[in-house]
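# Topology and contacts: notes
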Amino acid sequence: MKHLFLGLLLLSTISLTAQKQDKIEMAINTQLEAWHKAAAEADFDAYFDLMTEDAVFIGTDAEENWQLDQFKAFSKPYFDRGKAWSFSTLERTIYHPKKAKMAWFDELLDTQMGICRGSGVMLLDGKEWKVQHYVLSIAVPNENVDELTQLKKTHDDALIEVFRAN
């Protein structure tokens, strides 16, 4: 009987932990979906309200490494035109250590650039999960890497020289 009780207690604890973990992951997922939706609807305030004050956005171009204010300035004309960008989630994995106020994720997205990969860090800001760091990458099939490398070689060589000169 003692073993049965201990077994049930352990099972209940595991179940409650999994439920709490599921709720956290659902909350993070909801925030990320709202963030992408705000961009698709060109809702500047809603989009940036879902980011922390010290957020960083790294775009697909090698020179796109923005602190929040820089990213807002870059993005504002797109939002003002009523068409920012539209990313719909194909797949997402969220990683959240127990009791942590931070989580990280990776996602595959259907975008105007084809399939992209997003990855980032979410931070619990008060009671709300917000994007603190986001990296967007264009997914390139391995069989196309050589062709893409040649396509961007001149641009990359020039940019490499600029970075090495600094």
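Residues numbered from 1 in each chain as written. Predicted model: local features only at pLDDT ≥ 70, side-chain atom pairs only at ≥ 80, totals over all residues. Heavy atoms only, no water.

## What about the overall build of the chain?
What counts, and what does not: Strands here are runs of E lasting at least two residues and helices are runs of H or I lasting at least four, both read from the DSSP assignment and numbered beginning at the N terminus. Burial classes: relative accessible area under 20% of the type maximum marks a residue as buried, over 50% as exposed, and values in between as partly exposed (1.4 Å probe, protein chains only). Residue contacts follow a heavy-atom distance rule, with two residues in contact if any of their heavy atoms lie within 4.5 Å. Note that accessible areas follow from Shrake-Rupley with a 1.4 Å probe, and for residues the cover is restricted to the protein chains shown.
Secondary structure summary: the chain contains four helices and six strands in total. Counting from the amino terminus, the chain carries its helices and strands in the arrangement α-α-β-β-α-β-β-β-β-α. Put simply, the chain has 166 residues, and 30% of those count as buried. Taking all contacts inside the chain whose residues are at least 6 apart in sequence as the whole, residues at least 24 apart take part in 45%. For the chain, the accessible area works out to roughly 11,100 Å², and carbon and sulfur atoms hold 57% of it.

## Things to note about a nonpolar patch on the surface
Formally: Distance thresholds for patches are 9 Å for like charges and 5 Å for nonpolar side chains (Val, Leu, Ile, Met, Phe, Trp, Tyr), applied to residues having over 30% relative accessible area and no salt bridge. When a carboxyl oxygen of Asp or Glu lies within 4 Å of a side-chain nitrogen of Lys or Arg, that pair is called a salt bridge.
On the surface, a cluster of nonpolar side chains totalling about 470 Å² of accessible area is made up of Met113, Ile138, Val140, Val145, Leu148 and Leu151. For the nonpolar patch, the element with the most residues is helix 4 (residues 145–165), which contributes three residues. Summarising the element assignment, Val140 is placed in the loop between strand 6 (128–138) and helix 4.

## Things to note about the side chain of Ser75
Structurally, Ser75 is set in helix 3 (residues 68–80). Assessed through its relative accessible area of 0%, Ser75 is described here as buried. Not counting residues within four places of it along the chain, the set of residues in contact with Ser75 comprises Phe48 and Trp85.

## Observations regarding helix 3
Heads up, the rule is: Helix span, expected: 1.5 Å multiplied by one less than the number of residues in the helix. Bend at a given residue is defined as the angle between two axes, one fitted to the seven residues that end at that position and one fitted to the seven that begin there.
Here helix 3 spans 17 Å end to end across 13 residues, near enough to the 18 Å set by a 1.5 Å rise per residue. Where helix 3 bends most, at Phe74, the angle is about 35°, and the proline Pro77 comes one to four residues later. Looking only at helix 3, the buried set comprises Leu68, Phe71, Ser75 and Phe79.

## Examining a negative patch on the surface
Note the threshold: Only four residue types enter the tally: Lys and Arg on the positive side, Asp and Glu on the negative side; His and the chain ends are excluded. Taken as the charge location is NZ of Lys, CZ of Arg, CG of Asp or CD of Glu.
A surface patch of negative charge is lined by Asp43, Asp45, Asp49 and Glu128. Note on placement: Asp49 falls in helix 2 (residues 44–49).

## Topic: the packing of aromatic side chains
Keep this limit in mind: The aromatic pairing rule takes the rings of Phe, Tyr and Trp, using the six-membered ring of Trp, and pairs them if the centres are within 6.5 Å, calling planes under 30 degrees apart stacked, those over 60 edge-to-face and the rest tilted. The rule for a charge over a ring is simple: NZ of Lys or CZ of Arg within 6 Å of the ring centre, and within 35 degrees of the ring normal.
In the structure shown here, the tally under the stated rule is 22 aromatic pairs. Between Phe79 and Trp85 the ring centres are 5.4 Å apart and the planes differ by 80°, which places this aromatic pair in the edge-to-face class. Seen from the ring of Phe44, Lys76 lies directly overhead, with NZ or CZ sitting 5.0 Å from the centre.

## Points about the sheet that holds strand 3 (residues 88–95)
The line we're drawing: Here the rule is simple: two strands pair whenever DSSP picks up at least two bridges between them. Note on geometry: axes are lines fitted to C-alpha atoms, helical ones only across the stretch in contact, with angles between N-to-C directions running from 0 to 180 degrees.
Taking strand neighbours across the sheet as the criterion, the six strands line up as 2-1-6-5-4-3 in an open arrangement whose pairing is mixed. Because the sheet does not close on itself, it has two edges, and the strands there are strand 2 (65–67) and strand 3. Taking each pair of neighbouring strands and ignoring which way they run, the sheet shows an average axis angle of 15°. In this structure, strand 4 (residues 102–111) lies alongside strand 5 (residues 114–125), joined through 10 bridges in antiparallel fashion. Within strand 5, the residue paired with Asp110 across the bridge is Ile115.

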